[in-house]
Amino acid sequence: MRFSLLGPVQALSDDTTPIDIGGARLRMLLARLVLEAGRPVSAESLIDDLWGEEAPAGAVSALQGLVSRLRRALGGAGAVELVAGGYRVLGESDVRRFEELAARGRRDLAAGRPQEAAATLAQALGLWRGPALADVQEAPFAGPVATRLADLRASALEDSFDAEVRLGRHAEVLPDLNAAAIEHPLSERLAELRMRALAAAGRQSDALTAYAEIRDRLGDELGVDPSPAIQEVHLALLRGELERPVAQAQAVPSRLPARLTSFVGRERELGQLAGLLGSSRLVTVVGPGGAGKTRLALEAAGRHPAHERGRVWFVGLAGVGAPDQLGDTVLSALSSLDESGSAGGTHADRIAQLLDVGEAVLVLDNCEHLVEAAAELAEQLLARRPELRILATSREPLAIIGEALCHLGPLELPSTPAEAAQSAAVRLFVERAAGVRPDFTLDAETVEPVVEICWRLDGLPLALELAAAKLRAMNVGQIARRLDDRFRLLTSGSRTALPRQRTLLAVVEWSWDLLDDLEQLLASRLSAFPGGATLESLEAVCADERLPADDVLYVAGSLVEKSLVTHDGERYRMLETVRAFCATKRTEDLTARFHDHFLALAEEHEPLLRTGEQLRAISFFEAEYDNLIHALRTAPSARFVGAMFWYWGLRGLSSQFESFLEYGHALPSQVREAFGVVGARAGLDSAGAREFHPARPLMRMAELALSDDHADLEQALRSQDPWVRASAHWEQDFVLAEQGVLRSGLEALRGFEEAGDRWGLVMSLLPVARNHSLKAEYGPALALLERAAMLSTELGTEDYLYLCRARLARERRRSGDLEGALRDIQSAYRQATERGHRRLEVNILVGLANVQRLSGELDLANQTLDRLESLPKELTGDLIVSTRLENRLAEGEAEEARRLLPLAVAPQIEGGYSNGLAWAAELQAGVLALEDRPEEAAESLGMSAAIRGAFDYGEPELTGLLERLAGFEEAFRRGTEMPRQTAIDRLTVSAGSIV
């Protein structure tokens, strides 16, 4: 296994397939272990390095949970070992590789070998994909490590510049040297190298200016003079004695085909190929048609040290029709005859003789249709020429001993339109589009269709280039809308390309034609799976008398080998373009088998969603979601909707259920009747709802709170099922809270503990934390909210995680820890913004305004609310006006506060929820106090307790107001003892009146 920390943290399987490591804390743990290079790290050190001073209660258990999740992500317990001294991870690391290459390059430079140093340092710097530990910078350990690695990178870059200048490449290196000098203006070594390069380029006056700049900066900022070394360079420059290196000419012209377009992306793959060519003698770039294997191989070969000595040969095999033509084709690329004049011996003998030149690289491009002959020739050549390296490209491996594979998949795709400009796929499309239409740019109008094109075309370079060529006749929106007919659309390839490379259809047909009958049969059936398929599903849906179940594994393996299918260890998948083509070859209807198989799987996993097996069940539904929805849409049934219902609920996708009932995917009338309701929003039939699914009433608790019929709830409280019992307690607590009666919530909490349901625990921890918070018991409230946040992290449910983090920040603010609240808010806001969660972003910004107000920074609080005004009203709701009202109260602006009061209170009264109504009474109390009406203000504060069931002693602004109303205790008591409905009626009348 390989690990990459020089950029965002990544784990790669042995075949270099990226492994998804979800969650920032999980990546922090992986990075911390990888940095030790196989040495164990104690649990205490890990806790300190992952959480610092904010270690949660039960940190050891939290760490064990993280380790378990990391093991699952990496594919087994052996990936993260528990040994004497702590935990460790074994595998190769780009950090260690970089440090080794950087040290070797520096030794070569010191030994006077600039050619070798330049090549080695280029490999080292090619491993970087961005700032080290880029996505775990918040970890306590990350800062010093990232700084150290950045310093090493800067040092290696300086060594690289030094080697290039010594080789006489001053003209090529000057732009990068200038940029580096701007970034590090106090680096004397960069200044010295820049002076040497400028002098070598004949720009003596610029070189003297560079010296003056570094001298002045050192004096002004550090109060020191330049070092003796740079002063000597300055004197030599003045005397005209500075040595001018002469550029080293290549031994022979390049034997690689000239590249006609720029090379975009693939930085990671280039770094990987550089490493593989340094350690392996046969490297094969394997990938689907159109992925850019040839172009990557050319780029990698052009950067190999042998290329500068004229010892890299390229052999294109795409046009070779038969295996017996392979030897002649290779000989033709090398030389028509042996230079000694000998024409005897086999093809392999003569090729080996021509390659007797020392270190050399032979590129064999497009081997897939000649794979056996290419493998045999490669093995013979490698055996005879120890210094030879072969770089092959193929849709399947050559499969000989010692072969190293570089799996080439799609280009990097953007997660959101905001990330489009950084995506390699988008950059390629935009660059090729600009070649067709020079005025084309990525802007607010084009970004969404461009991102859609890149996603739907799988990030395949050839497909993107074909799509960009269509801009001659249509715009990007028209291209995006026509991708359902992609094979008809994308037909404008290069006229000089081979016929099978001119259109998207021809590229895929070439791969199809290389398959045997069974491979074609399974490929056509696999195309029925929009979400890919496990081996179990393939055998269940695709096997029959033509393709026995026992053969499916082997045939699927062949499809993987031929790059028509990918396999991540669990699931077989097709690129969407390949899937669209293979679907046209499917002749049988698999609907019934597909539906029955996935219905059975859904019903098997659905009950586990409410048990300790919840995470495993969620993983199943997430992995199979596209297949499950496809099965449900093609053959709707009440059973299937019931099997999906609670997963939708857990993931905040309950609208999916509503849509299947009422909208686009209409179910038959008998299916509707099976739900016990006419429609999702038509009345409350709690018995029918619970009969349909035990969790259905949880989604309709607002209606339940308004109903007088709680017989079903009473029955559920006596259920033998701990989950049903716990959810009934939770429902009952909610109903009572809406009636102004607060309960402990502990029965629901204990019930969900017994069931093992993390979602239920989160939802029951929140009201228990609220009860502590109302009594100003901040410590217990924070501990409960931290546990809820940790459980939400395990669930991977972002809505609940942000809710818990918002509550945590709110509780820290209420407790007086404004710095901690601000830290939580900033972290949550950054993540919400990165993921495009606009509604969550609104709540977080409101929390920020509250912290700023309590910090006395009212101007900043108002500016934060001004930022919210630019967002759609449906996102911000009444939050802006309510928070502005609180700001006006803090500023003492009675007239403006009174104007805002009805606007802030009306939505709370209309909503009718206890917390909102109590907040409305509190806002009214603040306005009345500001208007010098203390008795009415005290009574209104008391009304908030009557409505909610308790006064909020945990809110410092309210307790401060209560203290200022000293002497009006009787009015406050009168408000608290007021009948709840009377308080609500009084609030409704008085809040909207301007007195």
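Remember, it's a predicted structure, so these values are computed and weren't measured experimentally.

## Points about the overall build of the protein
So, point 1. Scanning the protein for helices and strands turns up 50 helices and 13 strands.
So, point 2. The buried share of the protein, taken over its 995 residues, is 52%.

## Quick notes on empty space enclosed by the protein
So, point 1. For the structure on display, the rule yields three cavities of 30 Å³ or more.
So, point 2. Elements represented by at least two residues in the lining of the largest cavity include exactly helix H22 (504–513) and helix H26 (576–583).
So, point 3. Broken down by element, the lining of the largest cavity gets its largest block of residues, four residues, from H22.
So, point 4. For the lining of the largest cavity, the class distribution of residues is seven nonpolar, four polar and no charged.

## Concerning the nonpolar core
So, point 1. Membership of the largest hydrophobic core comes to 141 residues, with the highest contact counts inside it found for Leu391, Phe429, Ile453, Phe529, Leu538 and Met644.
So, point 2. It is helix H28 (residues 614–634) that contributes the most residues to this core, 10 residues altogether.
So, point 3. Sequence-distant contacts of Phe529, defined by excluding residues within four places in its chain, comprise Ser537, Leu538, Val541, Cys542, Arg579, Phe594, Phe598 and Asn627.
So, point 4. Core analysis: the next-biggest nonpolar cluster, separate from the first, contains 54 residues, Leu29, Val34, Leu66 and Val80 among them.

## Comments concerning the sheet that holds strand S11 (residues 403–407)
So, point 1. Taking strand neighbours across the sheet as the criterion, the five strands line up as S8-S9-S10-S7-S11 in an open arrangement whose pairing is parallel. Every other strand in the sheet has two partners, leaving strand S8 (312–316) and S11 as the edge strands with one partner each. Adjacent strand axes in the sheet meet at a mean angle of 20° when their direction is disregarded.
So, point 2. Where strand S7 (residues 282–286) lies against S11, five bridges are found, and the strand directions are parallel. Across the sheet, residue Thr284 finds its bridge partner in S11, namely Leu405.
So, point 3. Lying over the sheet, helix H14 (residues 326–334) contacts S8 and strand S9 (360–365), oriented at roughly 140° with respect to S8.
So, point 4. Seen against the sheet, helix H16 (residues 371–384) touches S7, S9 and strand S10 (388–394) and runs at an angle of roughly 165° to S10.

## Quick notes on the pattern of salt bridges
So, point 1. Using the criterion set out here, one finds 60 salt bridges in the structure.
So, point 2. Note that Arg814 is salt-bridged to Asp952, the shortest N-O span being 2.5 Å. Taken together, the residues Arg814 in helix H39 (residues 798–815) and Asp952 in the loop between helix H47 (934–948) and helix H48 (956–964) connect sequence positions 138 residues apart.
So, point 3. One network of salt bridges, with partners in common, ties together Arg106, Glu158, Asp159, Asp162, Arg166 and Arg189.

## Observations regarding the environment of Glu379
So, point 1. The residue Glu379 is located in helix H16 in this model.
So, point 2. Since its relative accessible area comes to 44%, Glu379 is described here as partly exposed.
So, point 3. Taking the C-alpha atoms as reference, Glu379 lies 9.9 Å from Ala348; in sequence the two are 31 residues apart.

## Considering the sheet that holds strand S3 (residues 18–19)
So, point 1. What the four strands build is an open sheet, ordered S3-S2-S1-S6; its pairing is mixed. Edge positions in the open sheet fall to S3 and strand S6 (92–93), since each of these has one partner strand only.
So, point 2. Bridge count between strand S1 (residues 2–4) and S6: two bridges; the pairing is parallel. Looking at S6, one finds that Phe3 is bridged to Ser93.

## Side note on helix H36 (residues 746–755)
So, point 1. Considered for burial, the residues of H36 that qualify are Ala748, Leu749, Gly751, Phe752 and Ala755. The buried residues of H36 occupy an angular sector of 165° when projected down its axis, which confines them to one face. In H36, the exposed residues that point more than 90 degrees away from the buried face are Arg750 and Glu754.
So, point 2. Against helix H35 (722–737) and helix H37 (758–774) lie the buried residues of H36.
So, point 3. Downstream of H36 by one or two residues, Gly756 has phi in the positive range, about 90°.

## As for the pairing of S8
So, point 1. Burial runs high along S8: four of the five residues are buried.
So, point 2. As paired elements, S8 and S9 share five bridges and run parallel to each other. The residue bridging Val315 from the neighbouring strand is Leu364, located in S9.

## Describing the environment of Glu955
So, point 1. Following the sequence through the fold, Glu955 ends up in the loop between H47 and H48.
So, point 2. Ignoring any residue separated from it by four or fewer positions in sequence, one finds Glu955 in contact with Arg813 and Arg814.
So, point 3. Of the polar contacts made by the side chain of Glu955, one reaches the side chain of Arg814; its length is 3.4 Å.

## A closer look at the packing of aromatic side chains
The geometry of two aromatic rings is summed up by the distance between their centres and the angle between their planes.
So, point 1. A complete count under the given rule lists 15 aromatic pairs for this structure.
So, point 2. Here the aromatic rings of Phe594 and Phe598 are separated by 4.7 Å at their centres, their planes lie at 50°, and the arrangement is tilted. Of this pair, Phe594 and Phe598 both sit in helix H27 (residues 591–605), four residues apart, roughly one helical turn. Considered together, Phe594 and Phe598 belong to a single accessibility category, that of buried residues.
So, point 3. Connected via pairs of aromatic rings, a cluster forms that spans Trp646, Trp723, Trp730, Phe752 and Trp759.
So, point 4. Here the basic side chain of Arg610 rests over the ring of Trp723, its NZ or CZ set 5.5 Å away from the ring centre.

## Some points on the confidence of the model for the protein
Predicted coordinates in areas of low pLDDT are best not read in detail.
So, point 1. Averaged over the protein, the pLDDT score is 82; the fraction of residues at 70 or greater is 88%.
So, point 2. Taken together, the stretch residues 336–342 has pLDDT below 50 and engages in eight contacts with residues farther than four places along the chain or on a different chain.
So, point 3. This stretch, residues 657–688, has a pLDDT under 50; its non-local contacts, to residues over four places away or in other chains, come to 57 contacts.

## Some points on H27
So, point 1. Compared with an ideal rise of 1.5 Å per residue, which puts 15 residues at 21 Å, H27 spans 21 Å between its outermost C-alpha atoms and is within 8% of the ideal.
So, point 2. By the burial criterion, the buried members of H27 are Phe594, His595, His597, Phe598, Leu599, Leu601, Ala602 and His605.
So, point 3. Buried residues in H27 make contact with helix H24 (535–542), H28 and helix H29 (638–650).

## A short note on the packing of helix H4 (residues 94–110) against helix H6 (residues 142–166)
So, point 1. Their axes nearest at 10 Å, the elements H4 and H6 cross at an angle of 35°. Both H4 and H6 take part in a crossing whose hand is left-handed. On the side of H4, the interface is formed by Val95, Phe98, Glu99, Ala102, Arg106 and Leu109, while H6 contributes Arg148, Leu149, Leu152, Arg153, Ser155, Ala156, Asp159, Asp162, Ala163 and Arg166.
So, point 2. Class assignment for the residues of the contact of H4 with H6 results in eight nonpolar, one polar and seven charged.

Rules behind the numbers
Residues numbered from 1 in each chain as written. Predicted model: local features only at pLDDT ≥ 70, side-chain atom pairs only at ≥ 80, totals over all residues. Heavy atoms only, no water. Helix = DSSP H or I, 4+ residues; strand = E, 2+ residues; numbered from the N terminus. Buried < 20%, exposed > 50% of the residue type's maximum accessible area, 1.4 Å probe, protein only. 1 Å grid on protein atoms, 1.4 Å probe; cavity = no way out; pocket = protein on both sides within 12 Å on 5 of 7 lines; lining within 4 Å. Points joined across faces, edges and corners; volume = space filled by probe spheres on them. Nonpolar A, V, L, I, M, F, W, Y, C, P; charged D, E, K, R; others polar. Core = buried A, V, L, I, M, F, W, Y, C linked by side-chain atoms within 4.5 Å. Contact = heavy atoms within 4.5 Å. Pairing = 2+ DSSP bridges. Axes fitted to C-alpha atoms, helices over the stretch in contact; angles between N-to-C directions. Salt bridge = Lys/Arg side-chain N within 4 Å of Asp/Glu carboxyl O. Arc of directions from axis to C-beta. Polar contact = N/O pair within 3.5 Å; in protein donor to acceptor, adjacent residues only side chain to side chain. Phe/Tyr/Trp six-rings, centres within 6.5 Å; stacked < 30°, edge-to-face > 60°. Lys NZ or Arg CZ within 6 Å of the ring centre and 35° of its normal. pLDDT = per-residue confidence, 0-100. Expected span 1.5 Å × (residues − 1). Left-handed = near helix turned anticlockwise from the far one by under 90°.

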